[in-house]
Amino acid sequence: MEGFSEKKHKNIVPGGVAELSFIALPMVVSAGCDTAMIFIDRLFLSRLGPEQMNAALGGGVASFMLLTFFIGLTGYSTALVAQYLGSGMKWKCPVVITQSMIVCAAAYPLLLALRPLGPWMFAKSGIDPAQLASQSLYFNILVSASIVGLARSALSCFFSGVGRTRVVMISTLVSMAVNVCANYVLIFGKLGFPALGIRGAAYGTVLGGACGVAVLAFAYFGAKNRAEFGVGRSFFFDAEAMAKLWRFGSPAGFEFLLNMTAFNAMILMFHSRGPVAATAATVLFNWDLVAFVPLIGMEIGVTSLVGRYMGAGKPDVAHRSAMSGIKIGCIYSAVMLALFAGFPDTLVGVFRPAAADSVFEAAAPTAAFMIRLAAVYVSIEAVVLVLMGALRGAGDTFFAMLISVATHWILVPTLYVMLHVMNTSVEAAWVALVSVFMVFSLAIYLRYRSGKWRQIKVVSAPSAPPPFPAN
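Residues numbered from 1 in each chain as written. Predicted model: local features only at pLDDT ≥ 70, side-chain atom pairs only at ≥ 80, totals over all residues. Heavy atoms only, no water.

**Considerations on helix 5 (residues 117–125)**
All of the buried residues along helix 5 are G118, M121 and F122. Along helix 5, the residues classed as buried sweep out an arc of 100° about the axis, all on the same side. Exposed residues lying more than 90 degrees from the buried face of helix 5 are W120 and K124. Structurally, helix 5 contributes buried residues whose contacts are with helix 2 (50–75), helix 6 (129–144) and helix 11 (239–271). (Buried < 20%, exposed > 50% of the residue type's maximum accessible area, 1.4 Å probe, protein only. Helix = DSSP H or I, 4+ residues; strand = E, 2+ residues; numbered from the N terminus. Arc of directions from axis to C-beta. Contact = heavy atoms within 4.5 Å.)

What follows is the structure in structure tokens.
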């Protein structure tokens, strides 16, 4: 099998840095744009006061938590599409996406039914009343429009799976541009619009996501894509593809759900310690987002390329793809390490409110300490995410789920004991969390090194498409 980029560049080494860059870098840019959207939203809101910024973090994470099982489940479409492409069954690629869209349509009513869970959870956690109302409002708006995020995720998987990641990049660039502009106008009340504050931030996020879906849909249903993949013949329930999606994707879905639930619990624990602790943790996680999310783009690229070569029966080339991902990812992590270790006070100052605020000033030293310590795990984050992407691309999703979930759910009781049993400082609790993460990162490396992923077979021998009429 030739890689997507090899068709255009015959001298490129299969699974090498150049081929992976062709696929992964647009996904890194896409993830970077998603990061920028979230970061700038919170940056705008920080000008109104720390409680608004904190509410956006709490409400945003909680709303995303509800979507995570379905995003993780349908997200395996990337690897499944890549394996079908690698095995020569192009016609199956859009069939997988149809199954993903069926899952999304079924999930949306459930998400609406679960919407009251958010405000109840916020109230029970004991967060500051000044933050509670804004957080609940932000959460409710995002959950009400959750079908947008589900559809965007499912359609993105097709293009990342077939290696056309530039389409995903363009979609995300459009989303970011619309989101940032709409948020500026709606949060602060520009161009004749009323100043809506955090409500405007939620509306801007939804509008940006909808524009991104429109770009993906235009490319997916375009004449060229219909002709190459037979998109017009893909709108049917396929029991085999749906079964594979659930078998290999549900571990990723449960992993994503459990991990985000754990992360949400940790945020609520930090926020329950009062406005100062909430502000320090929010500033930290805003910058952690910058270090972490772009690497998810690399992980997706590795998943796609490893899946393609495993589908073609070339595990050695799949391994080379993973090593190429580590090389690229470590360069980015080195930059983040230098930034976090060398300039923590400057990074904290970015979120200083427009008016003097005693809560922010009290939180600043703690936030700086937490950012400086975060440099420790940022240095190995790229390796961990790339190896996780390689295991998922090969179909070793269950073990990846076990290690990832175990890590997060050991962090939760660790933080609870530190903050609410031993009553330590926020700084001491953060030291404990970083230490646990470092230990569990070793398990991912050992699993990959064992080589068991090389024997996993996800797709069977090539088959002919069903006898549907041509587009």
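**Observations concerning the nonpolar core**
F270, V283, W287, F340 and W430 are the most contacted members of the largest nonpolar core, which has 100 residues in total. Broken down by element, the residue count for this core peaks at twelve residues, all from helix 11. In terms of nonpolar packing, the next biggest core, distinct from the first, is built from 26 residues, I23, M298, A400 and I403 among them. (Core = buried A, V, L, I, M, F, W, Y, C linked by side-chain atoms within 4.5 Å.)

**Re the packing of aromatic side chains**
Tallied over the full model, the rule gives 24 aromatic pairs. An aromatic cluster is present here, built from F158, F159, Y220, F221, F229 and F235 joined pairwise through their rings. A cation sits over an aromatic face here: K90 above F229, 5.4 Å from the ring centre. A cation sits over an aromatic face here: R447 above F399, 4.3 Å from the ring centre. (Phe/Tyr/Trp six-rings, centres within 6.5 Å; stacked < 30°, edge-to-face > 60°. Lys NZ or Arg CZ within 6 Å of the ring centre and 35° of its normal.)

**Side note on helix 8 (residues 165–188)**
Relative to the 34 Å expected for 24 residues at 1.5 Å per residue, helix 8 spans 34 Å between its end C-alpha atoms, a close match to the ideal helical length. Directly after helix 8, the chain includes G189, whose backbone phi takes a positive value near 75°. (Expected span 1.5 Å × (residues − 1).)

**Considerations on the environment of I38**
Turning to its location among the elements, I38 is positioned in helix 1 (residues 17–46). Overall, I38 belongs to the partly exposed group, its relative accessible area being 32%. Through-space distance from the C-alpha of I38 to that of V180 is 9.3 Å; in sequence the pair is 142 residues apart.

**Section: the side chain of N286**
Topologically, N286 is positioned in helix 12 (residues 275–311). In this structure N286 comes out as buried when scored by relative accessible area, which is 0%. Looking at N286, its side chain comes within polar contact range of the side chain of R42, at 2.9 Å. Not counting the four nearest positions on each side in its chain, N286 is found in contact with F39, R42, M53 and F351. (Polar contact = N/O pair within 3.5 Å; in protein donor to acceptor, adjacent residues only side chain to side chain.)

**Here's the deal with a nonpolar patch on the surface**
On the surface, Y416, V417, V421 and M422 cluster together to form a nonpolar patch covering roughly 390 Å² of accessible area. Tracing the backbone shows V421 in helix 16 (residues 397–421). For V421, a relative accessible area of 56% gives the class exposed. (Patch = residues over 30% accessible without salt bridge, like charges linked within 9 Å, V, L, I, M, F, W, Y side chains within 5 Å. Areas by Shrake-Rupley, 256 points an atom, 1.4 Å probe, with all protein chains shown as cover. Salt bridge = Lys/Arg side-chain N within 4 Å of Asp/Glu carboxyl O.)

**Considering the packing of helix 7 (residues 146–161) against helix 8**
For the pair helix 7 and helix 8, the least separation of the axes is 7 Å and the interaxial angle reads 145°. Between helix 7, through R152, S156, F159 and S160, and helix 8, the contact on the second element is made entirely by T165, V167, V168, T172 and S175. Partitioned by chemical class, the residues of the contact of helix 7 with helix 8 number three nonpolar, five polar and one charged. (Axes fitted to C-alpha atoms, helices over the stretch in contact; angles between N-to-C directions. Nonpolar A, V, L, I, M, F, W, Y, C, P; charged D, E, K, R; others polar.)

**Looking at the environment of L73**
Within the element layout of this structure, L73 appears in helix 2. A relative accessible area of 0% places L73 in the buried class. Between the C-alpha atoms of L73 and R247, which are 174 residues apart in sequence, the distance is 9.3 Å. Contact partners of L73, with chain neighbours within four places excluded, come to V103, L245, W246, G249, S250 and G253.

Bear in mind that shape data such as this cannot, by itself, settle questions of function.
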